[in-house]
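A structural walkthrough
Single-letter residue listing:
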Amino acid sequence: MVTWQDFEQEAPDLAPLVRARFEAHRHHVLATLRATGAPRVSGTEVGFTGADLTIGSMPGAVKALDLRRDGRFALHSHPGDETMTDGDAKISGVAVEITDEVELSAYESELPQPPPGPFHAFRLGVTEAVLTTVEDGRLVIRSWRPGEAVRTVTRD
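What comes next is a walk through the structure. (Residues numbered from 1 in each chain as written. Predicted model: local features only at pLDDT ≥ 70, side-chain atom pairs only at ≥ 80, totals over all residues. Heavy atoms only, no water.)

1. Details of the pattern of salt bridges
Summed over all chains, the structure comprises 13 salt bridges. The salt bridge involving Glu135 is made with Arg142; its shortest N-O contact spans 3.0 Å. Residue Glu135 is classed as partly exposed on the basis of its relative accessible area of 31%. In the salt-bridge network here, residues are joined through shared partners; they are Glu8, Arg19 and Glu23. (Salt bridge = Lys/Arg side-chain N within 4 Å of Asp/Glu carboxyl O. Buried < 20%, exposed > 50% of the residue type's maximum accessible area, 1.4 Å probe, protein only.)

2. Description of unusual backbone geometry
What you tend to see is this: most non-glycine residues have negative phi, and most peptide bonds are trans. Unlike most non-glycine residues, Asp136 shows phi in positive territory, near 55°. Along the polypeptide, Asp136 turns up in the loop between strand E7 (120–135) and strand E8 (138–144). (Helix = DSSP H or I, 4+ residues; strand = E, 2+ residues; numbered from the N terminus.)

3. Examining the pairing of strand E1 (residues 28–33)
Of the two faces of E1, the one holding His28, Leu30 and Thr32 is buried and the one holding Val29, Ala31 and Leu33 is not buried anywhere. As paired elements, E1 and strand E2 (residues 39–44) share six bridges and run antiparallel to each other. Across the sheet, Thr32 pairs through a bridge with Arg40, a residue of E2. Hairpin geometry of E1 and E2 is characterised by an intervening segment of five residues between the two adjacent antiparallel strands and by a positive phi of about 95° at Gly37. Direction of pairing for E1 relative to strand E5 (residues 72–76): antiparallel, over a ladder of three bridges. Paired with Val29 across the two strands is His76, which belongs to E5. (Pairing = 2+ DSSP bridges.)

4. Digging into the side chain of Ser77
Locating Ser77 in the fold gives a position in the loop between E5 and strand E6 (88–97). Taking the relative accessible area as the measure of exposure, Ser77 reaches 1% and is therefore buried. When neighbours within four sequence positions are excluded, Ser77 is seen to be in contact with Arg21, Phe22, His28, Asp88 and Ala89. (Contact = heavy atoms within 4.5 Å.)

5. Quick look at the environment of Ala24
As for its placement among the helices and strands, Ala24 is situated in helix H2 (residues 15–24). Using a relative accessible area of 42% as the deciding quantity, one classes Ala24 as partly exposed.

6. Looking at the environment of Gly71
Turning to its location among the elements, Gly71 is positioned in the loop between helix H3 (62–69) and E5. Between the C-alpha atom of Gly71 and that of Ala95, which follows or precedes it by 24 residues, the distance is 4.6 Å. In this structure, Gly71 is in contact with Gly93, Val94 and Ala95, ignoring residues within four places of it in sequence.

7. Quick look at the packing of aromatic side chains
Tallying each qualifying case throughout the model produces four aromatic pairs. Ring centres 5.0 Å apart and planes at 65° place the aromatic pair Trp4 and Phe48 in the edge-to-face group. Residue Trp4 is found in helix H1 (residues 4–10), and its partner Phe48 is found in strand E3 (residues 46–49); the two are separated by 44 residues along the sequence. When sorted by exposure, Trp4 lands in the same class as Phe48, which is buried. Among the aromatic side chains, those forming a connected cluster through ring pairs are Trp4, Phe7, Phe48 and Trp144. Residue placement shows Arg19 over the ring face of Phe48; its charged tip is 4.1 Å from the ring centre. (Phe/Tyr/Trp six-rings, centres within 6.5 Å; stacked < 30°, edge-to-face > 60°. Lys NZ or Arg CZ within 6 Å of the ring centre and 35° of its normal.)

So, in structure tokens, the structure goes:
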């Protein structure tokens, strides 16, 4: 699994920009796969815990059940205002539930507030990161995949 830290090491110019988009707002959109294969979108918060990008969930939430069954996900940052000054970030990958008690304790200790009760926690392995910005009236799309250089595409 490619961690957030791996992404930072492989794409040191892009990773902080993507992270800034996820830290700029509290709420983001997570896409998971239902048992039927149809997509499901849910609101979520993200965290940067140690080397990992993480999400938590209430026990039994459908997004958590989706990720347990099939860890593939897409995560879209809150886009902010219509200017896209700071960009629009998307991450795809595979989520892995944190089940080890020691690791769960470490995860919980890094949260701003402990959950009020039971919870699910997931590490998000990164298979693609994309940042789209508008620069000088042009659309600029920067994308990264593990083991590859950052690609930049500009569109008028």
